[in-house]
Amino acid sequence: MSESSTVPLHMRRVEFDPAPELAAARDEERVKRVTTTHGDPAWLVTRYADVREVLGDAARFKVAPQGIARLPGAPKMTEEQLAKVRAGNLLGVDPPEHTRLRRMLTPEFTIRRMRRLEPRIKRIVDDHLDAMEAAGSPADLVSSFALPIPSLVICELLGVPYADREGFQLRTSRMLDMTVPGEERLMAQFEQRAYMEDLVGRIQADPGEELLGMLVREHGDDLSTDELVGIGGLLLFAGHETTSNMLSLGTLALLRHPEQLELLRKEPDRIDAAAEELLRWLSIVHSGTTKITTTEVEIGGRTIGAGELVICALPAANRDPALMPDADTFDVQRGAPGHVAFGHGVHHCLGAPLARMEMRIAFPALLQRFPGLRVSDSEPRFRSFSIVYGMASLEVAW
C-alpha cells in the first residue's frame, strides 16, 4: 500500500500540492463520500464556494462533538473527559458559548495590539538569524528558525516559560502524528492538559501582564479553571505549530520558485501579498474541525441528511479554479484575496493577525540576511502523516 493511500483523502499531498485524487474529487464530484480517520462515514466538501457555505453556517453545520477531542485511533473519551477537553476550546464549541469566549479574547488579537509586539518579534527573528549565522552553514531551518520563533512569541504572549518549550513541542508533535498509536497520542493530550492546569494554577495565584494573567484579572469570575486551561492549551498549540510550518514550508516554496523569491527580495514591500499567496497555496491546515449537520441540507448538488459528518478540504478549496485563474500556480504578486487558509465564519482563526505579522517580519529578514540561501544536499522531509502539514526538516545552506 502506498503512503498516499494510507492517509485520509483530505490530507493527501504531493509536496506543496493537493494530491491528484483530491483535486479530481473537487473538479469531478464536488462533494464526495469518504471515511474519516475514526472509521466513520462522512461527506468531503472540496469546492471554494461550498466550503465557505459550510464554514459560514454554524446553525446548520455544528462542530462534531468528538471531532476536536477524539484523536484518530484513540479510544473514545468519557463524557466527563470530553467536557473537560472541550471547555475553553474555541474550536470545539459553537455560538453562543463560542461567542462568549471569543469576545473575551478578541481584544488581545487586534491588529493594533499585534503592532505592539512587532519590535519584540523583530528582535526574536534577528537573534535567531544571528545564531544561525554564527553556527554556520548548513542549518536545519525547522529547528533553528521556523519552530523556535513562533514558539518564543506565543510563550511570551501567553506567559508560558520558554524553558518548557521542548516538552510542549514534543507532546504536540505526538498528538498530531497519525503514525503514533492512538492511546499514546491521547496520553500526550492528557499530559499537555496537566501541564497547562499547573501553569494556570500558578497564574491564578499571581496574574501578571501576560494574556492568561489578563484573562484571570479581567474575566476571572466569568471563566472556569477548565476554560482557562482550554484557552491556554489551544493558543499554545495553534500559536507555534501552524506558523512554524508556514515559515519552513513557505521558505521551501520560495526557494523552489527562484523568480518569485527574487521579486520578493528586490521588493520587500510585496511581503503582505506574498504571505497571503503562501497561505492560500500551501494551506497547511487540511480541514479545520469536522462538522455535523443539524438538519437536512443541500450542498454542492448533494442532499445530506441530518446528523451526518462533513469535512472541508481547505487545500482543494484554495486551489479551486473558480476562486481565481491559474489557481495551481504560485504567484506572490496577486495577494490571494478571499482564501480560506484561516478558515471562515465564526471559527476564523483568532490568531491570524499574529501569524501574518510573524510571516511579514520573518521571510524578508531571512532572505536579506542570507542572499545565497538554498536547499542543501539533504532531501527536505515533509510531514505527510500530520494533522497540520509542513516540514519535519529542511536543511539549508548559504
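Shown above is the structure to which this text applies.
Throughout what follows, the structure given in this document is the object of discussion. (Residues numbered from 1 in each chain as written. Predicted model: local features only at pLDDT ≥ 70, side-chain atom pairs only at ≥ 80, totals over all residues. Heavy atoms only, no water.)

The subject of this paragraph is the side chain of E277. Take E277: it is sitting in helix α13 (residues 271–282). Polar contacts involving the side chain of E277 include one to the main-chain amide nitrogen of D331, which spans 2.9 Å. Leaving out residues up to four positions away in the same chain, E277 has contacts with T329, F330, D331, V332, R334, G335 and A336. (Helix = DSSP H or I, 4+ residues; strand = E, 2+ residues; numbered from the N terminus. Polar contact = N/O pair within 3.5 Å; in protein donor to acceptor, adjacent residues only side chain to side chain. Contact = heavy atoms within 4.5 Å.)

As a further point, take the packing of aromatic side chains. Note on aromatic pairs: each is described by the distance of the centres and the angle between the planes. Summed over all chains, the structure comprises five aromatic pairs. Aromatic pair F382 and Y389: ring centres 6.2 Å apart, planes at 15 degrees, arrangement stacked. Considered together, F382 and Y389 belong to a single accessibility category, that of buried residues. Grouping aromatic residues by their ring pairs yields a cluster made of F16, W281, F330, F382 and Y389. (Phe/Tyr/Trp six-rings, centres within 6.5 Å; stacked < 30°, edge-to-face > 60°. Buried < 20%, exposed > 50% of the residue type's maximum accessible area, 1.4 Å probe, protein only.)

Backbone-to-backbone hydrogen bonds join strands into a sheet, with any given pair of strands oriented parallel or antiparallel. Taken in spatial order, the five strands make up an open sheet running β3-β4-β10-β7-β5, and their pairing is mixed. Looking at strand neighbours, the two that pair on one side only are β3 (31–35) and β5 (61–63), the edges of this open sheet. Along the sheet, successive strands turn relative to each other by an average axial angle of 40 degrees, direction set aside. Note that β3 and strand β4 (residues 41–45) share five bridges and pair antiparallel. Note that in β4 the partner of R33 across the bridge is W43. The strands touched by helix α2 (residues 48–55) within the sheet are β4, β5, β7 (291–293) and β10 (309–312), with β10 carrying the most contacts at an inclination of about 125 degrees. (Pairing = 2+ DSSP bridges. Axes fitted to C-alpha atoms, helices over the stretch in contact; angles between N-to-C directions.)

When you line up the elements, E296 lands in the loop between β7 and β8 (297–299). Taking the C-alpha atoms as reference points, E296 and E308, separated by twelve residues in sequence, lie 9.0 Å from one another. For E296, the contacting residues outside a window of four places in its chain are T303, I304, G305 and A306.

Glancing now at the side chain of Q192. Tracing the sequence through the fold places Q192 in helix α9 (residues 182–205). Relative accessible area serves as the criterion here: at 9%, Q192 is assigned to the buried category. Sequence-distant contacts of Q192, that is, excluding residues within four places in its chain, are made with F168, R171, T172, M175 and L236.

Taking 1.5 Å per residue as the helical rise, helix α11 (residues 225–256) with its 32 residues ought to reach 46 Å, and the 47 Å between its terminal C-alpha atoms agrees with that figure. For α11, the tally of buried residues reaches 25 of 32 residues, placing the bulk of the element in the interior. (Expected span 1.5 Å × (residues − 1).)

With that settled, the discussion passes to the environment of I111. Structurally, I111 can be placed in helix α5 (residues 111–135). Linking I111 and R356, residues 245 residues apart in sequence, is a C-alpha distance of 9.8 Å.

We now examine the pairing of β10. Side chains of β10 alternate between two faces, with L309 and I311 and V310 and C312 buried alike. Here β7 pairs with β10 via two bridges, running antiparallel. Residue pairing for β10: K291 is matched across the bridge by V310.

Attention now moves to the layout of surface pockets. Over the atoms, a rolled probe matching the size of one water molecule traces out where space is still vacant. If you add up the space inside the second largest pocket, you get close to 380 Å³. Around the second largest pocket sit 22 residues that line it, and S173, E241, R383, M391 and A392 are the ones nearest its centre. Of all elements in the fold, only α6 (141–146), α8 (165–176), α11 and β13 (391–393) reach the threshold of two or more residues within the lining of the second largest pocket. It is α11 that contributes the most residues to the lining of the second largest pocket, five residues altogether. Taken together, the residues of the lining of the second largest pocket sort by class into nine nonpolar, nine polar and four charged. (1 Å grid on protein atoms, 1.4 Å probe; cavity = no way out; pocket = protein on both sides within 12 Å on 5 of 7 lines; lining within 4 Å. Points joined across faces, edges and corners; volume = space filled by probe spheres on them. Nonpolar A, V, L, I, M, F, W, Y, C, P; charged D, E, K, R; others polar.)

This next bit is on the nonpolar core. In this structure, V125, F145, L211, L215, L254, L278 and L282 are the most contacted members of the largest nonpolar core, which totals 87 residues. Among the elements that take part in this core, α11 stands out by supplying 13 residues, more than any other. Excluding residues that lie within four positions of it along the chain, L278 makes contacts with M246, G250, A253, L254, S283, F330, M359 and F363. Counting 20 residues, the second largest nonpolar core, distinct from the first, contains L55, F61, C312 and A327. (Core = buried A, V, L, I, M, F, W, Y, C linked by side-chain atoms within 4.5 Å.)

Strand order in the open sheet made by the three strands is β6-β14-β11, with antiparallel pairing throughout. Of all strands in the sheet, those bounded by a partner on one side alone are β6 (139–140) and β11 (374–375). With two bridges joining them, β6 and strand β14 (residues 395–397) adopt antiparallel strand pairing. By the bridge assignment, A139 is partnered in β14 with V396.

Orientation of α8 relative to α11, taken along the N-to-C sense of each, is 85 degrees, at an axis distance of 11 Å. Judged by the inter-axis angle, α8 sits roughly perpendicular to α11. Here α8 contributes F168, Q169, T172 and L176 to the contact with α11, which in turn contributes L236, F237, H240 and E241. (Parallel < 35°, antiparallel > 145°, perpendicular 65-115°, else oblique.)

A cis amide bond, omega 5 degrees, links P95 with the succeeding residue P96. The backbone of E15 sits at a positive phi, close to 55 degrees, despite the residue not being glycine. If you trace the backbone, E15 turns up in the loop between β1 (13–14) and β2 (17–18). Since its relative accessible area comes to 34%, E15 is described here as partly exposed. One non-glycine residue, S283, lies in the positive phi region at around 40 degrees. Of note, S283 is situated in the loop between α13 and β7. A relative accessible area of 2% means that S283 is categorised as buried.

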